[in-house]
Amino acid sequence: MILELNEQQNMIRNMVREFAEKEVRPKAAELDEKEEYPHTSLKRMAELGILGAIIPQEYGGAGLDTVTYSVIIEEISRACASTGVVTSVHNSLTAWPIMHYGTEEQKKKYLPILAKGEKIGAFGGTEPMAGSDLGAMQTTAELKGENYILNGTKTFITSGPEAGIIIAFGITDKEAGARGLSAFIVDSDFEGYSVGGIFDKIGINASLTSELIFEDMVVPKENLLGKEGEGFKIALATLDGGRIGIASQAVGIAQAALDESVEYSKQRQQFGKPLSKFQAIQWMISEMATKIEAARLLTRSAAYVKDTGARFSKEAAMAKLFAADTASWCADRAIQVHGGYGYTKEYPVERLYRDARITGIYEGTSEVMKMVIAGSLLR
Ligand SMILES: Cc1cc2nc3c(=O)[nH]c(=O)nc-3n(C[C@H](O)[C@H](O)[C@H](O)COP(=O)(O)OP(=O)(O)OC[C@H]3O[C@@H](n4cnc5c(N)ncnc54)[C@H](O)[C@@H]3O)c2cc1C
């Protein structure tokens, strides 16, 4: 694996960093406070090709590799973790399964819409009784004539209230367990689709999270994604890729915690000198930087393996596990560097602390990541 970004990847990183610094970061605190979806940033990100980052050019996207995609999610999340996860779910969990399991008609119909950001993507996997145990989904999908009729409730869905295209799963064969699950491309315009309750969260507040309710929802037969019974396989493969996005988000949050700590420690004076002159502070900053570099390398390495076409479930799980811990640890240390001010809403580190925490929960908890890693080592 080549550790350095190539010229194009560097150029894209610089472009996204500049955009995120100028247009995303300044809004982050207010959107978090007001729990407002980042509409303006998303519109700009569609124009810049970020919403279609991984979508092939023939369908209107930028056709970027996973390493570049990881860099983009890191930079956006460094500025605003909520905008980062919305972008990650839109690309990894919505566009990707259509790119890989969709028919030509489905690709032509949905990928350009996602690339242009005309509709935002979501992933409807989790249900009240199916979290880590995703195979326990209870939503039913019954074929009646030319349509599937879906009934069930999805919960904790990122972008739920704003999404226009949703990858959703339902049981088409009750006797077959997880192998009886099928995947569907759902349009929020479909009859029987509605948004349920919006969650009051402790972090990533601008990425609205809600229930989705399917009540005799009519899904045309041609919106089956892959074959009947392939839903669980599609969900797991999609989440493998999604975890690289979340690991990248975690690296971005951790980097922001370090940035804030470096800045603050140089300005704040105690005992007649800047905090940055105290060894205790220097050690926290050194450890933060080292863990972030390790998390970034693991994440880019998982992205690189994905780009080679090899299996990458273990690498993605390792990256997410380590990066999530790093994000929470760095945000915690950043508060320590800021002392009492770090515990107030005056400085961004409290938001980073709240935002970091989710990275060890969604798209598979840290315990589930360990199960994936062990499963691949102990086969
Ligand atoms: C803000 C937010 C956004 C989300 N976005 C989406 C989304 O867009 N789409 C979507 O489908 N889902 C989404 N989720 C759901 C998320 O993926 C689940 O919350 C997560 O997978 C955990 O499921 P659970 O909450 O039901 O916890 P549970 O599965 O009930 O787990 C509770 C605890 O038990 C542990 N545990 C469970 N099983 C085992 C086991 N076998 N061995 C050891 N420990 C175990 C877990 O690790 C955890 O610590 C989101 C969640 C949140 C909070």
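How each quantity is defined
- Counting from 1, residues in each chain are numbered in the order their sequence is written.
- Given that this is a predicted model, residues contribute local features only at a pLDDT of at least 70 and side-chain atom pairs are listed and counted only at 80 or more, while totals for whole chains, interfaces and linings are drawn from all residues.
- Only hydrogens and water are set aside; all other atoms, that is, all heavy atoms of the structure, feed into the side-chain values.
- Helix and strand assignments follow DSSP, with helices taken as H or I runs no shorter than four residues and strands as E runs no shorter than two, numbered in order from the N terminus.
- Under the scheme applied here, a residue whose accessible area is under 20% of the maximum for its type counts as buried, over 50% as exposed, and between as partly exposed, the area being computed with a 1.4 Å probe on protein chains only.
- Here a residue-residue contact requires only that any non-hydrogen atoms of the pair lie within 4.5 Å.
- Using the Shrake-Rupley algorithm and a 1.4 Å probe, accessible areas are obtained, with residue cover drawn only from the displayed protein chains.
- Neither His nor the chain termini are counted; the positive set is Lys and Arg, and the negative set is Asp and Glu.
- A charged residue contributes its charge at one atom only: NZ of Lys, CZ of Arg, CG of Asp or CD of Glu.
- The start and end points of each domain follow an automatic or database-based domain assignment.
- Buried area is a sum: the accessible area each of two parts loses on coming together, probed at 1.4 Å, counted once for each and added.
- Axes, fitted as lines to C-alpha atoms, cover a helix only where it is in contact. Angles between the N-to-C directions of the axes lie from 0 to 180 degrees.
- Note on angle classes: values under 35 degrees are labelled roughly parallel, values over 145 roughly antiparallel, values of 65 to 115 roughly perpendicular, and the remainder oblique.
- What makes a crossing left-handed is the near helix being turned counterclockwise from the far one by less than a right angle; a clockwise turn instead makes it right-handed.
- Residues were grouped as follows: Ala, Val, Leu, Ile, Met, Phe, Trp, Tyr, Cys and Pro as nonpolar; Asp, Glu, Lys and Arg as charged; and all remaining residues, including Gly, as polar.
- Residues are counted as near a molecule or strand when any one of their heavy atoms sits within 4 Å of it.
- We define a polar contact as two N or O atoms separated by no more than 3.5 Å, with the added condition that, inside protein, one atom must be a possible hydrogen donor and the other a possible acceptor, whereas residues neighbouring each other in sequence contribute only through side-chain atom pairs.
- Here, strands pair whenever DSSP counts at least two bridges between them.
- Put simply, a salt bridge is a Lys or Arg side-chain nitrogen that is within 4 Å of an Asp or Glu carboxyl oxygen.

Asks: Help me out: how do you make sense of the overall build of the protein chain in this one?
Replies: For the protein chain, the helix and strand inventory stands at 10 helices and 10 strands. With respect to the three principal axes, the spread of C-alpha positions in the protein chain is 80 × 45 × 40 Å. Taken over 379 residues, the protein chain has a buried fraction of 54%. Sequence separation of at least 24 residues holds for 74% of the intrachain contacts in the protein chain that already meet a minimum separation of 6. Put simply, the protein chain shows about 16600 Å² of open surface, and 52% of that area lies on carbon and sulfur atoms. Both charge centroids of the protein chain, one from 41 positive and one from 50 negative side chains, sit 5 Å from each other.

Asks: Would you take a moment to explain the domain arrangement of the protein chain for this structure?
Replies: Many authors give the size of an interface as the accessible area that is lost as the parts come together. You can read the domains of the protein chain as domain 1 (7-118), domain 2 (121-228) and domain 3 (233-377). Domain 2 and domain 3 are separated by 30 Å when their C-alpha centres are compared. Opposite the 11 residues of domain 2 that make contact, domain 3 presents 11 residues. Both sides together, the interface formed by domain 2 and domain 3 hides about 850 Å², and carbon and sulfur atoms give 76% of it.

Asks: Explain the packing of helix α8 (residues 313-342) against helix α9 (residues 349-357) to me, please; I cannot follow it from the model alone.
Replies: Angle between the axes and distance between the axes are the two parameters that describe a pair of packed helices. Two elements in contact, α8 and α9, have axes separated by 8 Å at closest approach and are oriented at 155 degrees. Taken together, the axes of α8 and α9 are roughly antiparallel relative to one another. Seen along the crossing, α8 lies across α9 with a hand that is left-handed. Of the residues in α9, those in contact with Ala327, Ser328, Ala331, Asp332, Ala334, Ile335, His338 and Gly342 of α8 are Val349, Glu350, Leu352, Tyr353, Ala356 and Arg357. For the contact of α8 with α9, a count of residues per class yields eight nonpolar, three polar and three charged.

Asks: What's the story with the site of the ligand in this structure? I'm lost.
Replies: Taken together, 18 residues lie near the ligand, and Thr126, Ser132, Phe156, Thr365 and Glu367 sit nearest. Here Gly125 contributes a backbone N or O atom positioned 3.0 Å from an oxygen atom of the ligand. Take Thr365: an N or O atom from its side chain is 2.7 Å from an oxygen atom of the ligand. Within the complex, the protein chains bury 64% of what would otherwise be the 970 Å² of accessible surface of the ligand. Counting residues per element, the ones that place at least two in the shell around the ligand are β3 (147-158) and α10 (366-377).

Asks: I tried to follow the side chain of Asp32 on my own but got confused; where do I start?
Replies: Of note, Asp32 is situated in helix α1 (residues 7-34). You can call Asp32 buried: its relative accessible area is 7%. Among the polar contacts made by the side chain of Asp32, one reaches the side chain of Asn205 at a distance of 3.0 Å.

Asks: Help me understand the environment of Lys233 in this model?
Replies: As for its placement among the helices and strands, Lys233 is situated in helix α6 (residues 231-267). The spacing of Lys233 and Ser41 is 192 residues in sequence and 33 Å in space, taken between C-alpha atoms.

Asks: In this structure, what is going on with the pairing of strand β2 (residues 140-144)? I would like to understand it.
Replies: Along a regular strand, successive side chains alternate from one face of the sheet to the other. Of the pairings in the sheet, the one linking β2 to β3 comprises five bridges and is antiparallel in character. Residue pairing across strands places Leu143 opposite Tyr148, the latter belonging to β3. Counting the residues that bridge the hairpin from β2 to β3 gives two residues, and of these Gly145 lies at a positive phi of roughly 65 degrees.

Asks: I tried to follow the pattern of salt bridges on my own but got confused; where do I start?
Replies: Any two side chains of opposite charge can pair, given that their charged atoms come close. For the structure shown, the criterion picks out 21 salt bridges. Arg296 is the salt-bridge partner of Glu293, the closest N and O atoms lying 3.1 Å from each other. In this pair, Glu293 and Arg296 both sit in helix α7 (residues 279-308), three residues apart, roughly one turn of the helix. Residue class for Glu293 comes out partly exposed when judged on its relative accessible area of 38%. Overall, the relative accessible area of 12% leaves Arg296 in the buried class. Glu350 is the salt-bridge partner of Arg354, the closest N and O atoms lying 2.8 Å from each other. Here Glu350 and Arg354 lie together in helix α9, a separation of four residues that amounts to about one turn. In this structure Arg354 comes out as buried when scored by relative accessible area, which is 15%. Of the residues examined, Glu350 reaches a relative accessible area of 14% and is grouped as buried.

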